[in-house]
Each structure stands twice: as C-alpha cells, then as structure tokens.
Amino acid sequence: MAQQGNAPKSRNSSLPSVLLRSAVLIGVLSLALTYLDAPLWSRIAEGFGRSRDKYAVGSGSGICRQEVKLSPTNIKAERFVRDKVESPAYHAEIIKKLSGIIQIPSESYDELGPIGADDRWNVFYRIEEYIESNYPKVLEKATLEHANTHGLILTWRGSLPASEAKPLLMLAHQDVVPVLADTVQDWTHPPYQGHFDGEVIWGRGATDDKGYLISILESVDLLIKSGFTPKRTVILAFGCDEEISGENCGRPIADFLHHRYGDEGIYLIMDEGSMGIQREFNQSFAMVSVAEKGYLDVGINVTSTGGHASNPPDHNVIGIMSEIVMAIEENAFPGRVTTKNPMFGFLECAAVHAPQSSMPSTVRSKLGRVAGGDIHAQAQLAQDLDHMRYYFRTSQSVGKMSGGVKINAIPEIASTMVNLRLAVESSISLVEQHYENLVRPIAQKHGMVFEGFRSSYGSPERRKVSLYGVDALEPAPVSPLDSESWRVLSGTIRNTLRPLENDDELIVTPYLMPANTDTKFFWALTKNIYRFTPINLVDNLNRAHTTNEFIRAGEFVREPLFFATLILNADDAAAGV
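- As recorded in an unreviewed UniProt entry, the chain goes by the name Carboxypeptidase yscS, listed as coming from Purpureocillium lilacinum.

Shown next as structure tokens:
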C-alpha cells in the first residue's frame, strides 16, 4: 500500500465566503432599486419576460410568418389585367355584367322537386345563356360540361397533363336565397333590378354569390384576351343549389370531377369566404377560411294519445316538448379554444402582427398556455372572447316547432327541429350523445318510451320521445398552411389586395368558416381547400341573405385582378418557377 501523505486543500473551501459576499451584494442592490427607483426594477423584469414571450409583437418567433408578395413571371399578362381593372371603361363593363346577372332571379327553395320535374329550376337555363352571351371568348377556349343539367363545369385545358400539373379549381354558385314577398318594400332598390348608384351595386346575389361568379369568369376572360395560355388546367365550377345544401348540383359536380381526376387530383380549390378583408385589433387581415364547422339538424318528436280538451293530462306533448326545448337551451355546449381550431392561428397572427396595445392582456397571456394544452386556459380564453363564441363552440338554434291542430283537442304529436353547427373539436356522435343524455331523463320522467338516434324505430308504444338526425356533416378537415398551394395563395393576396385605412400591410391569416359551402363535397379532391372573398365584407357580409344586399363597386371591379394573378402564380408553380 502506498504511503498516505498530507491531504491537499479543498478547492471549495472558500465557497461559503463567496456565497455570503454575493448574497450581501444582491441584498444591497435590491434595497437600492427598491428605494431609489422601484419602477426600474419592474421594467427590467418586464423586459426580461417579454424577451422570452414568443407572442410579443416583433418577437421574431416565426409565428404567422408572412409570404413575400408573389408576382407572376408573365409580366405581359399581369400588366394587361392590371391596366384593365384600373380603367373606368372596364369598370362600366363589369358592373353592367353583374347588374345583368342579378336581374335573373335564380332562387333556390328548400322544397324544390327534382331537376326536370320542378319548373322552378328552369331559371338556371337563363344563367347559362347569360354566361354564354357575355363570355364568348371563354366558351371558345374552355369546354362547357354539365353535372345534373344545371351544374356548370368550364375546363380551360393546360398544356401539361393533370398527372404533371394538377388543375386549379375555382367554385361559385348561381343560386340565391329567395326574397320574401313581404320584405320587397323594405329594399331601397328592387332586389332584382341590379341598381348601381355610382358607388354600390344593389340586389340579391350581389355578394352571395354572383359577384364572385362574375369575377372568376372575368379573370379567365381577361387572361385569354391578354394572349396567355395556361400550362396548368383551370376549372370553373358553378353550382345551382348551394343555398339549399348542394345535393342537386354541388355533389354531382364533385362526383364528376372526382371521377375524372381522382383522390388528391386537384392542386387548389378556391370558394367564397365569410369574412374577406377585415380590420381587427387595429390591423388589416385577409381572413382565409381553412376549415368549416360541421352541420346537423336534430329532429325531435313527442307522441302520445289524444282526447277531448275537457279531460287533459297533466302534461301533454306540447308541454313535454317545451320542457325538452328548455333543457336544450339551458345546456348550451361549452366553448374552448384549442390549437386544432384555425381561430387560434388567427389569434396568434394578431398577437405578433397587431399593435401590442390592441390585444387585451387577458387574451395574450393565455395563448402560450393554450398552445401547451392547458384545458383551463382553453375554456378561460373562450370566455374572454365571448363576442366570438360561436367560432369556439357548437351552436344550437331551435328553428321549427309544431303541435296541435285544434284548440279543443289534446294534441297527439309535437315536433321540433334544432339546427347545429359543430365546433371543429366536436363530432356528430358527441352531439347525439349530448342530446340523448338531455332528453332521455325527460322521457323517463313522463313514463314514455325513448328512441335515440341509433334506435330501431317503430315501437308500437304510442307514448314516446324520438330523436333523429338530418343532413349530418362532420367538421371539415383543416387545410394546410405549409403547402405550396398556401404559399401561392398567400403571396397572391399580399401582391394584389390592399390593407384597410392607414395600415402598412395586409396580414394573411387562417380563419374558420362558421357556415358551409359546396366545398363539403370536395374533400377527397384535395387537402388544399381555401374559402376567401377578396373584398372588405361589412354589415352582415354586405347584408347577404337579407334586405338591401350590396357590393361596393370600387372593390368588386378589382376582384378579377386577384383571381387572374392566382391563375398566373399557380401556373408558375406548375413550371417550377
């Protein structure tokens, strides 16, 4: 064994004295800051915290990164279109075309019979004739095909096959919601006059959706006149019944195109949006809907035995139905903000691009926790944004109720219909389960048989409560924000559209469509489905679906520039530019 010598001194022997001196120094500094300049310490701490906040304005975190403005390489074609949309003579032309198509009352009704059997469909022949007479150049270059008679498909074939360059698809719909006879006198100008007062074009369909339809046609017409020939095929598809679910034209068009191009056979789909360009949090945003809420109509029937009103039961079917409706309204679906919802992406964009003071601290402070999956923060943030509640929760609206046919007879049946728009985190099965849990105890309370959504109906028992679903649609898949298609669309928006008021730039942000469009039939054709109207929509979407629908001419005449530039930029992507 080696001999043990003197032990060396420990290198940590002076550590206690170092810690003591450091503690004293920190204490002195803290006292000095407290008594001499307390706000300074607060500012230092606040600045340190902000430097680590990825949602701070200008944080450079990469959240809501904006694409560069994307200009087409075909300068000649772009210049031709730009010169046209700046021309007063062209303004008069395109306004006249919109006014003319508004004058065709292409109303779609919930109770329409089959195409070919119900004469009310015949008005859509006039729409087709109007397109053919006003766009002869388009009909020369593009092939017109039909889906179920009135679904119109125009294909401007590109030089590259679809296997090398997937087609670009732009949708619009020909139909409008009916104008109620009792409301005609409430219109400033007759709803089907297409009146232009020098600033605004008035009439049913001006915004929803004939302005969009004309703008798409104009974009192709202008590009043809410029001498442009596409490499990527361009398809325009116009439904005839979007306002009544789309089963007669929207679905047949989707089936037609799916048969031709197959799964994931389309490059990008553009359709109308619900927000367009808006100014929120003191910043201009182009709000592109990358998803839609789901849809379900829930029907409820309460049946029982009838009788003479002089000998009524304690609770007849109308009273029991009223109890059910009260239970539904008192048990609204809870709201929460999750990262699955495109609206969270919008809040992120607002946090990093809008002025710091414009977003309430209660909202900004929860974004990181929501991103981390904090369930409590998700619910709290939905409460903070209660004015936007139906972007974050499933909505429910009792829209129809009937029961009883005679005042002195005990009613034998009461019925109601509830319209629901499903939150992106929800599903049809979750909604059905919620309603069954609400209604089953009420049926049991009154000694009635309960038939849920999956029951085998037809119980011989007269006293029963039955639930059923109509037009069930799951929430739409969320379209990607990291695809080439998104980059092309986003860059086109920033290149062609203007911010509002005095804002320096227009921020492109994901958004959520609370209603449904014909895109619900096209999910198999592409993941890249984007819903966006390239104008500033105000006053209940320019009063679409109500009296005095309008579109501002100064914005409408520029829409073709956006669509034409999108075609050109998508064509560049096909060539690998």
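Now that the structure is up, let's keep going.
1. Details of the overall build of the chain
Part 1 of the argument: A count of helices and strands for the chain gives 17 helices and 18 strands.
Part 2 of the argument: The proportion of buried residues among the 577 residues of the chain is 52%.
Part 3 of the argument: Working note: accessible area of the chain is about 27,000 Å², and carbon and sulfur atoms make up 52% of it.

2. Section: helix 11 (residues 361-371)
Part 1 of the argument: Every buried residue of helix 11 is listed here: Val 363, Arg 364, Lys 366, Leu 367 and Val 370.
Part 2 of the argument: Here the buried face of helix 11 lies against helix 10 (342-353) and helix 12 (375-384).
Part 3 of the argument: Just downstream of helix 11, Gly 373 is the residue with a positive phi angle, here 90°.

3. Quick notes on the UniProt feature "binding site: Zn(2+) 2" (unreviewed entry) in the chain
Part 1 of the argument: In the numbering adopted here, UniProt assigns the feature "binding site: Zn(2+) 2" (unreviewed entry) to His 173, Asp 208 and Asp 271. Spatially, the listed residues are clustered: although they cover 99 residues, their C-alpha atoms lie within 11.3 Å of one another.
Part 2 of the argument: With respect to the helices and strands, the residue His 173 is situated in strand 3 (residues 168-173).
Part 3 of the argument: What His 173 contacts, discounting residues up to four positions off in sequence, is Asp 208, Asp 209, Leu 213, Gly 239, Glu 242, Glu 243 and Glu 272.
Part 4 of the argument: A polar atom in the side chain of His 173 sits 3.0 Å from the side chain of Asp 208.
Part 5 of the argument: Examined against the element boundaries, Asp 208 turns out to sit in the loop between strand 4 (200-202) and helix 7 (210-226).
Part 6 of the argument: Residue Asp 208 is classed as buried on the basis of its relative accessible area, which comes to 12%.
Part 7 of the argument: Other than its neighbours up to four places away in sequence, Asp 208 contacts His 173, Asp 175, Val 176, Glu 243, Glu 272, Ala 544, His 545 and Glu 549.
Part 8 of the argument: A polar side-chain atom of Asp 208 sits 2.9 Å from a polar atom in the side chain of His 545.

4. Some remarks on the nonpolar core
Part 1 of the argument: Within the largest apolar cluster, 77 residues are counted, with the highest numbers of intra-cluster contacts made by Met 270 and Ile 493.
Part 2 of the argument: Apart from residues no more than four positions distant in its own chain, Met 270 is found in contact with Leu 169, Met 170, Leu 171, Tyr 212, Leu 489, Tyr 530, Phe 532, Phe 562 and Leu 566.
Part 3 of the argument: The next biggest cluster of nonpolar side chains, apart from the first, holds 33 residues, and it includes Cys 64, Phe 346, Val 424 and Ile 507.

5. What about empty space enclosed by the protein?
Part 1 of the argument: Scanning the model with the defined rule gives 2 cavities of 30 Å³ or more in all.
Part 2 of the argument: If one sorts the elements of the lining of the largest cavity by residue count, strand 5 (residues 234-239) sits on top with 3 residues.
Part 3 of the argument: The class makeup of the residues in the lining of the largest cavity is 6 nonpolar, 2 polar and 1 charged.
Part 4 of the argument: Considered as a void within the structure, the second largest cavity measures approximately 30 Å³ in volume.
Part 5 of the argument: Lining of the second largest cavity is provided by Glu 128, Ile 131, Glu 132, Leu 144, Leu 152 and Leu 154.
Part 6 of the argument: The set of elements that each furnish at least two residues to the lining of the second largest cavity consists of helix 5 (123-134) and strand 2 (151-156).
Part 7 of the argument: The element contributing the most residues to the lining of the second largest cavity is helix 5, with 3 residues.
Part 8 of the argument: Looking at the lining of the second largest cavity residue by residue, the class counts come to 4 nonpolar, no polar and 2 charged.

Each value, and the rule that gives it
- Residues numbered from 1 in each chain as written.
- Predicted model: local features only at pLDDT ≥ 70, side-chain atom pairs only at ≥ 80, totals over all residues.
- Heavy atoms only, no water.
- Helix = DSSP H or I, 4+ residues; strand = E, 2+ residues; numbered from the N terminus.
- Buried < 20%, exposed > 50% of the residue type's maximum accessible area, 1.4 Å probe, protein only.
- Areas by Shrake-Rupley, 256 points an atom, 1.4 Å probe, with all protein chains shown as cover.
- Contact = heavy atoms within 4.5 Å.
- UniProt positions renumbered as here; feature names shortened; annotations may be inferred.
- Polar contact = N/O pair within 3.5 Å; in protein donor to acceptor, adjacent residues only side chain to side chain.
- Core = buried A, V, L, I, M, F, W, Y, C linked by side-chain atoms within 4.5 Å.
- 1 Å grid on protein atoms, 1.4 Å probe; cavity = no way out; pocket = protein on both sides within 12 Å on 5 of 7 lines; lining within 4 Å.
- Points joined across faces, edges and corners; volume = space filled by probe spheres on them.
- Nonpolar A, V, L, I, M, F, W, Y, C, P; charged D, E, K, R; others polar.

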